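Each chain, written out:
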Amino acid sequence: MSIQIETPPHGRNEGGPALIELYRSMVLIREAEKSCGALFAAGEIPGFIHLSDGQEGISVGVMASLRPDDTIASTHRGHGHALAKGLGLDGFFRELMGKADGACKGRGGSMHVADLSVGMLGANGIVGGGIAIALGSGLAQKLRGGDGLAASFFGDGALAEGIIHECLNIAQLKTIPILFVCENNGWSEFSPTSTQVTFTLEKLAAAYTIPYFGIDGSDVEKVAALAADLVARIRRERGPIVLECSTTRIRGHYEGDSQRYRNDPAPPVDPLSITRAALEERGVAIAELEGLEGGIRARVQQAVEAARLSTEESLSAAQAEVYAAGAAR
């Protein structure tokens, strides 16, 4: 499925975060997910995990323009979205490891991690399941007044789900302030997306008369610049926009996926390598970059060790809050 790449309407995002700060956020996500992979392999993270290696430029680039009161709804591959939106490392690792003081008291885990205090409405185990949640939040933003907005992250696999059609229609019909962000990595779980849908997202957006923009998601600086323009436009005009980002799913669908179905002819595109090379070209010393990376690895390891020592959720505590007070059981 080809994506029509557009140049950001106003060029580089000169007023946005410096490239070094965008790189710092991407390294944080990559190092956190490296630790997630090791913890999962060691049996310290229950359930399944889906890592976002190769897609960090989208999470970081889009989130750079969002405020804490802006809301997002994520996918099953939601670690990068959560961390880029502001979820702290302590709450993140404790949640994934099922600890009582995790971001969701250990009850959400990887596929349902959330933090309402930073506007992260949650990851979602249902393909396309977060799109309607984000739409509802966008409607709430509209009814509240002000210039807040919602963002919905979804993969290209969600294009075969009816919910995307319904939500695009309602978003335009009711002029809801929402940014639809498609992370197009070319895979619908274990199948090439080209075998699952017969249309492009650009044409789908046009069918609902919603403005569409496409961009290379591996260039975090370009993503941040375009996202800044689109977010500013939504704040002004209070209507929906579709942003499609081409990207690479470096790892399998889930951690442990053998990927026997996969035979990509081209090597994976790594946004971290691209950004690091750009920083070096602009004169940032290799020693400075290595120091930044080492410092982040140390922070991540500290959060992991703290999570290991954190309190396990008790059965009685887990059973609490399942029902509303006074509700019949």
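Report follows, based on the coordinates. Worth saying up front: this structure is predicted, and the values here are computed from it rather than measured. (Residues numbered from 1 in each chain as written. Predicted model: local features only at pLDDT ≥ 70, side-chain atom pairs only at ≥ 80, totals over all residues. Heavy atoms only, no water.)

It is the contact of helix H5 (residues 129–144) with helix H6 (residues 162–173), at a shortest axis distance of 9 Å, that shows an interaxial angle of 15°. With respect to each other, H5 and H6 are oriented roughly parallel. Where H5 crosses over H6, the two elements pack in a sense that is left-handed. From H5, Ile131, Ala132 and Leu135 reach across to H6, where they touch Ile163, Ile164, Cys167, Ile170 and Ala171. (Axes fitted to C-alpha atoms, helices over the stretch in contact; angles between N-to-C directions. Helix = DSSP H or I, 4+ residues; strand = E, 2+ residues; numbered from the N terminus. Parallel < 35°, antiparallel > 145°, perpendicular 65-115°, else oblique. Left-handed = near helix turned anticlockwise from the far one by under 90°. Contact = heavy atoms within 4.5 Å.)

Here we take up helix H4 (residues 89–96). Counted residue by residue, H4 has seven buried out of eight residues, so it is predominantly covered. Restricting attention to buried positions, one finds in H4 the residues Leu89, Gly91, Phe92, Phe93, Arg94, Glu95 and Leu96. The inward-facing, buried residues of H4 contact helix H1 (19–41), helix H3 (79–85) and helix H10 (286–309). Gly98 lies just past H4 and shows a positive phi near 75°. (Buried < 20%, exposed > 50% of the residue type's maximum accessible area, 1.4 Å probe, protein only.)

Moving on, we get to the pattern of salt bridges. Under the counting rule described, the total for this entry stands at 20 salt bridges. Note that Glu237 and Arg233 form a salt bridge whose closest N and O atoms lie 3.2 Å from each other. With a gap of four residues between them, Glu237 and Arg233 both fall in helix H8 (residues 220–237), about one helical turn apart. Looking at Arg233, the relative accessible area reads 25%, which means it is partly exposed. Taking the shortest distance from any N to any O, the salt bridge between Asp264 and Arg262 comes out at 2.6 Å. For Asp264, a relative accessible area of 35% corresponds to the partly exposed category. Judged by its relative accessible area of 18%, Arg262 is buried. A single salt-bridge network, built from bridges that share partners, covers Arg30, Asp53, Glu56, Arg251, Glu255 and Asp270. (Salt bridge = Lys/Arg side-chain N within 4 Å of Asp/Glu carboxyl O.)

As a further point, take the state of the cysteines. Two cysteines joined by a covalent bond between their sulfur atoms form a disulfide. The final tally for this structure, using the stated rule, is zero disulfides. Here Cys245 is not cross-linked by a disulfide; its sulfur's nearest cysteine counterpart is in Cys182, at 8.0 Å. According to the relative accessible area criterion, Cys245 is buried, its value standing at 0%. (Disulfide = S-S within 2.5 Å.)

The backbone of Lys105 sits at a positive phi, close to 60°, despite the residue not being glycine. Here Lys105 shows up in the loop between H4 and H5. In the Ramachandran plot, Thr175 falls in the positive-phi region, its phi being about 45° despite a non-glycine side chain. Along the chain, the position of Thr175 falls in the loop between H6 and strand E3 (178–184). Residue classification places Thr175 among the partly exposed positions, given a relative accessible area of 40%.

What is shown is where atoms sit, not what they do.
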